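# Working through the structure, step by step
Residues per chain, in single letters:
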Amino acid sequence: MAKRLEIGSSLHMIVLKSVKSLLMSPIWIFQLGTSAKSFLDNPLLGSQRLNRLGLHRLRVRIAGALCDWRRRRLARKVRKDWREAFDRDGYVAIENVIPAEQFPKLREAILGYEGEAREMRQGDAITRRLAIDPAMFRSIPELRRLLGRADLKALFHYVAGFRIEPLHYVQTIVTHDASNEADPQESLHADAFHSSLKSWLFLNPVPADEAPFTFVPGSHRLNKARLDWEYRRSLSDPRAIDRLSARGSPRVGESDLAEMGLPQPRPLAVAGNTLVVADTLGFHARGGSVRPIERVEIWSYSRRNPFLPWLGGDPLSLPGLAERRIGWLWRLRDRFENVAGQPWRSVGQRRAVDALD
Ligand SMILES: [Fe+2]
């Protein structure tokens, strides 16, 4: 009797799995042409057989070729020295990005601003974010002027590979609270298999031993060595490797860098009022710190379907809509927390520098 029940429940599971696959397969196929990157959540992306045939490598190559093509069309408007530094290293660090005489006033205004804040814990780091939204722009008009500067917008577009408006936040990072967990941002990784933009405008100096942004120079380039490495990593069983790599943000060690002929990671110790703009296809991390840190920065982010063969056409980048997106995103995820999760916990009205609870 027990045996019959066991067979019955196994059959039931097999039928359920088959029905799920049947229903999901159009979605999994559709995702091949999007930024979907998790080898765990999409069995086509994670298929060792398809990847042996070159599926992952092909996606990386097509996304890379389209990004090169779009960047060539966006290059003309970018300051030459910034573009050359970025093309060489995969990031550019711009000191005194705000005129030195204006920086202290703008910094004070940002640090003193109180707005709706969200917080998330990752390992021993807590990140607080305030959206740079219409209310913040009304209170700090200089911030709107800064983020609307033609030279910075051209650079953001070039690095993102799209003429779209990044999401902008005021972000506070606090490390070494009571937790002993490791911070996953501290291990060297690429964010995805394709280019995207992240930038940090540091409002305080960042010493080399206080969790500096760290980047492997030149690791944004999709040369043969990187493509071969991408191919090799796509052959692993996604359930047998670390979870973040399997979900599409590959972690790398010394031996991986050596295999790709890449140099050692470079920690960026910078003065306050330095803007760092990077392509997070390159390998990067938040460096370690010898002491607890609390850092405030303007953090910006652009990511889009890497297979789109055009530059703009994003209605949500229009002024009036662009600065409202973060609030909408937060509320959307609150609404669908059960399905998609919501790691960003609302903590009410806060300033970037207010103490954590
Ligand atoms: Fe990252």
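Everything in this summary refers to the structure shown in the same document.

Criteria and thresholds
- Residues numbered from 1 in each chain as written.
- Predicted model: local features only at pLDDT ≥ 70, side-chain atom pairs only at ≥ 80, totals over all residues.
- Heavy atoms only, no water.
- Helix = DSSP H or I, 4+ residues; strand = E, 2+ residues; numbered from the N terminus.
- Contact = heavy atoms within 4.5 Å.
- Polar contact = N/O pair within 3.5 Å; in protein donor to acceptor, adjacent residues only side chain to side chain.
- Pairing = 2+ DSSP bridges.
- Axes fitted to C-alpha atoms, helices over the stretch in contact; angles between N-to-C directions.

### Observations regarding the environment of T280
- With respect to the helices, strands and loops of the structure, T280 is situated in the loop between β8 (274-279) and β9 (284-286).
- In this structure, the C-alpha to C-alpha distance between T280 and V170, residues 110 residues apart in sequence, is 19 Å.
- In contact with T280, not counting residues within four places along its chain, are A190, D191, A192, S196 and K198.
- A distance of 3.0 Å separates a polar atom in the side chain of T280 from a polar atom in the side chain of S196.

### Some thoughts on the sheet that holds strand β6 (residues 213-215)
- A sheet is described by the order of its strands in space; here three strands give the open sequence β7-β6-β9, paired in antiparallel fashion. Each edge of the sheet is formed by a strand with only one pairing partner; in this case those strands are β7 (266-267) and β9.
- Here β6 pairs with β9 via three bridges, running antiparallel. Note that in β9 the partner of F215 across the bridge is H284.

### Notes on the sheet that holds strand β1 (residues 91-94)
- A sheet is described by the order of its strands in space; here eight strands give the open sequence β1-β8-β5-β10-β4-β3-β2-β11, paired in antiparallel fashion. A strand with exactly one partner marks an edge of an open sheet, and here the two such strands are β1 and β11 (345-351). In this sheet, adjacent strand axes meet at a mean angle of 25° when their direction is disregarded.
- Running over the sheet, helix α4 (residues 80-89) touches β1 and β8 and is turned about 140° from β1.

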